[in-house]
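# Results of the structural survey
Spelled out from the first residue to the last, the chains are:
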Amino acid sequence: MRRHVLHGLLAAATLSSLLQPGVAEAQPRAGVVLRFRGWRGAQARAQVVRALGDRTNLVSRRDAEAAADRAGVSLDDAAGMATVAQELGLSFFVAGRVRGRGGRARTLVRVYDAQGNELARREGPRPVGAARLRRIRQAALAAFDEANAKIARAEAEAAAARQAELERQRQLEAQREAERAAAEEVEETASGLPRLQALVGLDLRRRKAVVNLADGGRRRYKAGLFSELTLELRSFPAGNADSLLRGLYAQLDLAFAMGLSTQEKDMAGNIIGSEISTSAWRLGVQLGYLYALEDDSFRVGGLVGFGVDRFSIGPNMTMPSSSYTYLRLGVVADARLHEELLRIRADLGLRATFGVGDLVPTFGADSKQRGFDVGLGLYGRIEIGLTYGFRFGFSRYSIDFSGDAGPGAAAASAEDMSDRNLSFGLQLGYTY
């Protein structure tokens, strides 16, 4: 709104200067009347000086000629006029001559601007007699008025051009400022914490479970390397916030085993029976807070979550199905190794396990159990958001049994059990 008002005032002032040349009289223009050559040229020049003396601020001809001499220029050409005008602050020059002699003589008056461009000319009679001298003064005034109007118009156009250039510069600066602000916003967004990171991958997992029976015997379950299809979602939902809220964090982990089966063996290692159907899956949901340090060079924090780790085995004489349900308390440390192309993350968690699946009552009427896990990962992403990772994980459950075992094909009273899981894999996904 202010800009439109300013433009309106400028336009009004410009129009006023074009339509009312007399406004220039409030601040008389500075100029000089140069030497008039020819017959009685001094008398003709004197009439021009007399005519313009009350309308302008005339500088001495000798001062103008002295300035031209110092600059080494001539007042007979445009370049010389421009040089002297710049030094003395002149707006116009008046030059002329008397052509011919006697009764056939004529007086020519020319008015130039500060660049030496001719703006107006008038012709008067010979400079002899009061009436003729008066007509010379009138001719000089008419030429000056015409030139003055052109000078005023040129000044108004120059002022408008300057204003337009200033406006263009302001708009350009505003555009640059907007671009800088947008770039800063993009940079801030780029340097924010990921709002969503989705990774799918393939893990190779190995399980080893050992049960110490009450009669001194031992049972073992070994699963060689088997593959798991994994999904991992990580999120800083307020990752762009300029407050402590940006550290709020959520994570989902899901894994399903593929092509898994079990073969039972006797103490001598001989295969017993046919393959036993087997499946496994894992689920973990965690919430917490990760604090970013030194422009996200480091992240540290804690997580609390819920998880299920299930390993189902069909009927057999050695090991029942297990299903560990747990609450997890964990800590996280994350560090940037090379920009965002490579980061390293370490996880450590304690699992308060409150369910073991069919291990109770197969190995005892009751149990106490606990667990922990350790994770290490290398992650990175490129500018388009493509994300990649390599991770390693280890978990261990310890179970102490009490009471007599219940019914079942694999039932046997046991003292304790350890269940270890080792996994590593590759991930690929996208970060937003």
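So, here's what we can say about the structure. Sequence order as written defines the numbering, with residues in each chain counted from 1. Given that the model is predicted, a residue must reach a pLDDT of at least 70 before its local features are reported, and side-chain atom pairs must reach 80 or more before they are shown or counted; all residues, however, enter totals for whole chains, interfaces and linings. To obtain the side-chain values, all non-hydrogen atoms of the structure were used and water was disregarded.

## Comments concerning the sheet that holds strand E1 (residues 30-38)
The pairing of strands in a sheet comes from backbone hydrogen bonds and takes either a parallel or an antiparallel form. In this scheme, strands are said to pair when DSSP sees at least two bridges between them. Note on conventions: DSSP H or I runs of at least 4 residues are helices, E runs of at least 2 residues are strands, and numbering of each starts at the N terminus. One open sheet holds the five strands; their spatial order is E2-E1-E3-E4-E5, and the pairing between them is mixed. Each having just a single partner strand, strand E2 (57-59) and strand E5 (118-124) make up the two edges of the open sheet. Here the strands of the sheet are splayed against their neighbours by 25 degrees on average, with no regard to which way each runs. When E1 meets strand E3 (residues 92-99), the two strands line up parallel, connected through six bridges. Looking across to E3, one finds that Phe 36 is bridged to Gly 96. The contact definition used throughout considers only heavy atoms, calling two residues in contact when any of these lie within 4.5 Å. Fitted lines through C-alpha atoms serve as axes, helices being fitted only where they are in contact, and the angles separating the N-to-C directions of these axes extend from 0 to 180 degrees. In the packing of helix H4 (residues 78-88) onto the sheet, the strands contacted are E1, E2, E3 and strand E4 (106-113), and the crossing angle to E3 comes to about 135 degrees.

## Here's the deal with the packing of aromatic side chains
Each pair of aromatic rings taken from Phe, Tyr and Trp, with Trp reduced to its six-membered ring, is defined by centres within 6.5 Å and is described as stacked if the planes are under 30 degrees apart, edge-to-face if over 60, and tilted in the remaining cases. All chains considered together, the criterion is met by seven aromatic pairs. Consider the rings of Phe 92 and Phe 144, whose centres lie 5.2 Å apart with planes at 65 degrees: the pair is edge-to-face. Here Phe 144 lies in helix H5 (residues 130-191) and Phe 92 lies in strand E3, a separation of 52 residues in the sequence. Neither residue differs from the other here; Phe 92 and Phe 144 are each classed as buried. Here Tyr 324 and Tyr 397 contribute two aromatic rings whose centre-to-centre distance is 3.9 Å and whose plane-to-plane angle is 10 degrees, an arrangement assigned as stacked. With Tyr 324 in strand E12 (residues 322-338) and Tyr 397 in strand E15 (residues 386-402), this pair connects stretches of sequence that are 73 residues apart. Every member of this aromatic cluster is reached through a ring pair, and the members are Tyr 221, Phe 226 and Phe 311. The criterion for a charge sitting over a ring is simple: Lys NZ or Arg CZ within 6 Å of the ring centre, and within 35 degrees of the ring normal. Directly above the aromatic system of Phe 311 lies the positively charged group of Arg 207, at a separation of 4.4 Å from the ring centroid. Partly exposed describes any residue whose relative accessible area lies between the buried limit of under 20% and the exposed limit of over 50%, with all areas from a 1.4 Å probe on protein chains only and scaled to the type maximum.

## With respect to a nonpolar patch on the surface
Residues qualify for a patch when their relative accessible area is over 30% and they have no salt bridge, like charges being joined within 9 Å and the nonpolar side chains of Val, Leu, Ile, Met, Phe, Trp and Tyr within 5 Å. Only the protein chains shown count as cover for residues, with accessible areas throughout obtained via the Shrake-Rupley method and a probe of 1.4 Å. Think of a salt bridge as a Lys or Arg side-chain nitrogen and an Asp or Glu carboxyl oxygen that are within 4 Å of each other. Among the surface-exposed residues, Leu 337, Leu 341, Leu 342, Leu 378, Ile 382, Ile 384, Leu 386, Phe 390, Leu 426 and Leu 428 lie close enough to one another that they form a single nonpolar patch of about 870 Å² accessible area. For the nonpolar patch, the secondary structure elements donating two or more residues are E15 and strand E16 (414-431). Position of Leu 341 relative to the elements: it lies in the loop between E12 and strand E13 (342-357).

## Points about the pairing of strand E11 (residues 298-313)
The sheet contact formed by strand E10 (residues 271-293) and E11 spans 16 bridges and is antiparallel. Residue pairing across strands places Gln 286 opposite Gly 305, the latter belonging to E11. If you look at the hairpin formed by E10 and E11, you'll find four residues sitting between the two strands, and Glu 294 has a positive phi there, around 50 degrees. Note: E11 against E12, 14 bridges, orientation antiparallel. By the bridge assignment, Leu 303 is partnered in E12 with Gly 330.

## Quick word on the pattern of salt bridges
Summed over all chains, the structure comprises 35 salt bridges. Close ionic contact of Arg 106 with Glu 123 constitutes a salt bridge, the shortest N to O distance being 3.2 Å. Of the two residues, Arg 106 is situated in strand E4 and Glu 123 in strand E5; the sequence distance between them amounts to 17 residues. Looking at Glu 123, the relative accessible area reads 42%, which means it is partly exposed. Asp 373 serves as the salt-bridge partner of Arg 328, at 2.9 Å between the closest nitrogen and oxygen. Here Arg 328 is found in strand E12, whereas its partner Asp 373 is found in strand E14 (residues 366-381), with 45 residues between them in sequence. Here Arg 328 matches Asp 373 in class, with each residue buried.

Read these as layout, nothing more, since geometry by itself doesn't imply function.
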